[in-house]
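# Observations on the model geometry
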Amino acid sequence: MVYERAELSIAPGQEETSQAAMHSGGLDLLAGAVGCHPVVLARGVEPSSSLLPVQWDEFDSHIKVTETPEFGCLREIAGPFLGGAPTVGHFAPTA
C-alpha cells in the first residue's frame, strides 16, 4: 500500500471552478485507474489550495497510470486552474 499526497496550488479566483471541474470528471478518471482506491479532493481552509490524497495498491500502479491517456485527460482538466506545479509525496505505512 502506498499513500500519495498531492498538494495543489490553485490560481486565485479559480477555487470553485477547479473543484467543479475535478468533481465532474477528473476524480473519476483517477479513481478508475488500476490499483487506485477511491479518491477525495479537499479544499484548503487557506485560500487557493487543495489536497488530493490517493491510496494505491503499490507505487508501480501509480507510475503506470501516469503513462496513460486518462492521466493526460486529468492534467487537461486540472491544468488550467493550477497556480504552479503540484507538490507530491509518496508514503508507505509503517507497522
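Let us look at the structure shown here. Starting afresh in each chain, residues are numbered from 1 along the sequence in its written order. In keeping with the predicted nature of the model, local features appear solely for residues at pLDDT of at least 70, side-chain atom pairs appear and are counted solely at 80 or more, and the whole-chain, interface and lining totals rest on all residues. In computing side-chain properties, one takes all heavy atoms of the structure into account and sets aside hydrogens as well as water.

## Describing the nonpolar core
- Each nonpolar core is a collection of buried residues, namely Ala, Val, Leu, Ile, Met, Phe, Trp, Tyr and Cys, held together in the definition by side-chain atoms within 4.5 Å. Buried residues are those whose accessible area, probed at 1.4 Å on protein chains only, stays under 20% of the maximum for their type, while exposed residues exceed 50% and partly exposed ones sit between those limits. Core analysis: the largest hydrophobic core is formed by 17 residues, its most contacted members being Leu30, Cys36, Leu52, Val54 and Trp56.
- Counting residues per element, the ones that place at least two in this core are strand S1 (2-9), helix H1 (15-31), strand S3 (49-56) and helix H3 (69-78).
- Beyond its immediate stretch of four places on either side in the chain, Leu52 contacts Glu4, Arg5, Ala6, Leu27, Leu30, Val40 and Leu41. Numbering of helices and strands runs from the N terminus, with a helix taken as a DSSP run of H or I at least four residues long and a strand as a DSSP run of E at least two residues long. Every residue pair with non-hydrogen atoms within 4.5 Å of one another is taken to be in contact.

## Concerning H3
- Within the span of H3, buried status applies to Phe71, Leu74 and Ala78. The arc that holds the buried residues of H3, viewed along the axis, is 50°, so those residues lie on one side. Exposed residues pointing more than 90 degrees away from the buried face of H3 are listed as Pro69 and Glu76.
- Packing partners of the buried residues in H3 comprise H1 and helix H2 (59-65). Relevant arc is that of directions from the helix axis to the C-beta atoms, nothing else.

## What about the environment of Leu74?
- Positionally, Leu74 belongs in helix H3.
- Put simply, Leu74 and Glu4 are 70 residues apart on the chain and 16 Å apart in space, counted from C-alpha to C-alpha.
- Among all residues touching Leu74, those that are not within four sequence positions of it are Met22, Gly26, Leu29 and Leu30.

## So, the side chain of His62
- Relative to the helices and strands, His62 is located in helix H2.
- Overall, the relative accessible area of 8% leaves His62 in the buried class.
- Beyond its immediate stretch of four places on either side in the chain, His62 contacts Glu4, Trp56 and His90.

## Side note on the pairing of S1
- Where burial is concerned, the two faces of S1 differ: the one with Val2, Glu4, Ala6 and Leu8 is buried and the one with Tyr3, Arg5, Glu7 and Ser9 is not.
- Pairing geometry for S1 and S3, over eight bridges, is antiparallel. Within S3, the residue paired with Ala6 across the bridge is Leu52.
- A pair of strands is labelled paired if DSSP reports no fewer than 2 bridges between them. Bridging between S1 and strand S4 (residues 87-91) involves five bridges; their strand directions are antiparallel. By the bridge assignment for S4, Tyr3 is matched with Phe91.

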